[in-house]
Amino acid sequence: MGGNSGQPGTHTYTSLTEDGPLAAGEQPRRPTGRLIMHSMAMFGREFCYAVEAAYVTPVLLSVGLPKSLYSVVWLLSPVLGFLLQPVVGSASDYCRAGWGRRRPYILALGVMMLLGMALYLNGDTVVSALIADPRRKLIWAITITMMGVVLFDFAADFIDGPIKAYLFDVCSHRDKERGLHYHALFTGFGGALGYLLGAIDWAHLKLGRVLGTEFQVMFFFSALVLTLCFIIHLCSIPEAPLRDTAKDSLLQQAPQDPPLSSDKTYEYGSIEKVKNGYVHSELTVQGEKTKNPAEQIQKTMTMKSLLRALVNMPSHYRCLCISHLIGWTAFLSNMLFFTDFMGRIVYHGNPYSAHNSTEFLIYERGVEVGCWGLCINAVFSSLYSYFQKALVSYIGLKGLYFMGYLLFGLGTGFIGLFPNVYSTLALCASFGVMSSTLYTVPFNLMAEYHREEQEEQKQKARAGAPDSGGRGQGLDCATLTCMVQLAQILVGGGLGFLVNMAGSVVVVVISASLVALMGCCFVALFVRYVQ
């Protein structure tokens, strides 16, 4: 992130692995079981996302949320995530907790997800039990439910960056690719299971009667799945703590190792050498030497330095972020309105009719079928992520990226132009292709970029040239992930206007198709692929 001014008295921090002697700059091969354990976080996260997709609108309607506050609920979380995610991603690069750099953040965000679900699924019940006055009860129920939805969305969107950075920190390049495929596989499985459980009518089952309402049933399952998945994830692969080598350099350096030059600086992400059985990933915090290392780290975590790092991002990183933004804008445009599209356009129902009218019942039937379409999307996402490993050897990452956008663009285009129940459900498979592509290919490309930078650093080190270091992987993963929040902001702020202008939700599906096809051109012409 910083420069390489080479000031004397530089403070250096070293990430130490727990795996013993290795080839320089390489991580050990991780067993498949460990990578699957690491992927369980994505299973739990997507399961809870599916539950939210199925229940958040009924919950908000049941507490009497005014329509004027809907945009606040949906836009507040992505705005916060977009502003804060790069800050926290950069801070995690410098986290010196003994447990590791990423896992403390993952644990904190997991607890926030659990708290958010507890608030929005149980808030109305708790408020009704504690407050008798109808007006105060309405105000508190709306407030707590809104807080729960915003907190859950914020944490669930936020957590993807630290999870990816954790994977990149502890795995070799080949295991990063395998891990990303397992992430996509279990993301699909989690979403499918969440949609299936959300489609069950729990009110007429014994468990629903015991726990009270279907909201409490889904909170029980969500809390159980999320807790178990995150415990497994956090225990999956030992993570490297970050240590201050300025304090214990004598203990860490063998006698034959050359001392660190005072005029040579390093940044996080640069893997330099193996000493005493440890892989050293060295970073430099620029500035004058301070007595307290925490003060030195805090000096680096300024918004000015962070914005400078983002503005000076290499062009290939910037193009990757733009392509990710285009893909998520197209994907979210379609997914957020898909069940409404099924009810109103495919089934010709009317959500504004009386609740006992035929038009409204037809609309509800369309929404239910739309949920099954989302389930097909999740299942196919898992299946496609499995076959990606075979496809990449034939068509490469560029082919996978282009094909994902192309199939989604064509699929949504046909759905918008020819709305039919069976063809629409069949074309939901194209949503799964896009979902799997967005969860794997951009991060595979980022891993390729990081590997290329590390190879360049090794060549410079062998030639004796000054090393400018590498980019912080936490910051890069956070920057890429916050494109999802920016896409949510664009979709939340723009699609409602488009629907009001066109008078039909068909414009949403057609817009998603056009944006995805534009993305095809962008990933083919502007995204750089490492040979």
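To be clear, the structure that these remarks concern was listed above.
Residues numbered from 1 in each chain as written. Predicted model: local features only at pLDDT ≥ 70, side-chain atom pairs only at ≥ 80, totals over all residues. Heavy atoms only, no water.

Student: Whenever I open this one, the overall build of the protein confuses me. Can you help?
Tutor: Helix and strand counts for the protein stand at 16 helices and four strands. For the protein, with 531 residues in total, the buried portion stands at 55%. Summarising the internal contacts of the protein: among those between residues at least 6 apart in sequence, 81% fall at separations of at least 24. (Helix = DSSP H or I, 4+ residues; strand = E, 2+ residues; numbered from the N terminus. Buried < 20%, exposed > 50% of the residue type's maximum accessible area, 1.4 Å probe, protein only. Contact = heavy atoms within 4.5 Å.)

Student: Any chance you could explain the environment of Gly179 here in plain terms?
Tutor: Examined against the element boundaries, Gly179 turns out to sit in helix H6 (residues 173-199). Put simply, Gly179 and Thr440 are 261 residues apart on the chain and 9.3 Å apart in space, counted from C-alpha to C-alpha. Beyond its immediate chain neighbours, meaning those up to four positions away, Gly179 contacts Leu35, Ser39 and Leu167.

Student: Would you mind showing me how to read the state of the cysteines here?
Tutor: Chemically, a disulfide is nothing more than a covalent bond linking the sulfur atoms of two cysteines. The full count for this structure, using the stated rule, is zero disulfides. Looking at the unpaired Cys229, the closest cysteine sulfur is the one in Cys48, lying at 8.2 Å. By relative accessible area, Cys229 is classed as buried at 4%. (Disulfide = S-S within 2.5 Å.)

Student: Would you mind going over the pattern of salt bridges with me for this structure?
Tutor: Two side chains that carry opposite charge are able to pair once their charged atoms sit near each other. Under the criterion given, the structure shown has ten salt bridges. A salt bridge links Arg451 to Glu448, with the nearest nitrogen and oxygen atoms 3.2 Å apart. Here Arg451 and its partner Glu448 are both found in helix H14 (residues 421-463), three residues apart, which amounts to about one turn of the helix. Residue Arg451 is classed as partly exposed on the basis of its relative accessible area, which comes to 36%. When salt bridges that share partners are traced, they join Arg101, Arg102 and Asp169 into one network. (Salt bridge = Lys/Arg side-chain N within 4 Å of Asp/Glu carboxyl O.)

Student: Honestly, the packing of helix H13 (residues 358-417) against helix H16 (residues 506-525) in this entry has me stumped. Any pointers?
Tutor: In contact at an axis separation of 8 Å, H13 and H16 are set at 160° when each is read in the N-to-C sense. When the axes of H13 and H16 are compared, the pair comes out roughly antiparallel. With respect to the hand of their crossing, H13 and H16 are arranged in left-handed fashion. Of the residues in the contact of H13 with H16, the class split is 17 nonpolar, six polar and one charged. (Axes fitted to C-alpha atoms, helices over the stretch in contact; angles between N-to-C directions. Parallel < 35°, antiparallel > 145°, perpendicular 65-115°, else oblique. Left-handed = near helix turned anticlockwise from the far one by under 90°. Nonpolar A, V, L, I, M, F, W, Y, C, P; charged D, E, K, R; others polar.)

Student: Even after reading the chapter, I still don't get unusual backbone geometry, so can you show me in this structure?
Tutor: In this model, His348 sits at a positive phi of 60°, which is unusual for a non-glycine residue. On the secondary structure map, His348 appears in the loop between helix H12 (315-346) and H13. Look at His348 and you get exposed, because its relative accessible area is 62%.

Student: I'm lost on the side chain of Ser236 in this one. Help?
Tutor: Structurally, the position occupied by Ser236 is in the loop between helix H8 (214-234) and strand S2 (242-244). Looking at Ser236, the relative accessible area reads 0%, which means it is buried. If near-sequence neighbours (up to four positions away) are discounted, Ser236 is found in contact with Arg34, Met37, His38 and Tyr166.

Student: How should the environment of Asp133 be read in this particular structure?
Tutor: Position of Asp133 relative to the elements: it lies in the loop between helix H3 (103-130) and helix H4 (134-158). Here the side chain of Asp133 touches Arg136 through a polar contact of 3.0 Å, landing on its backbone nitrogen. (Polar contact = N/O pair within 3.5 Å; in protein donor to acceptor, adjacent residues only side chain to side chain.)

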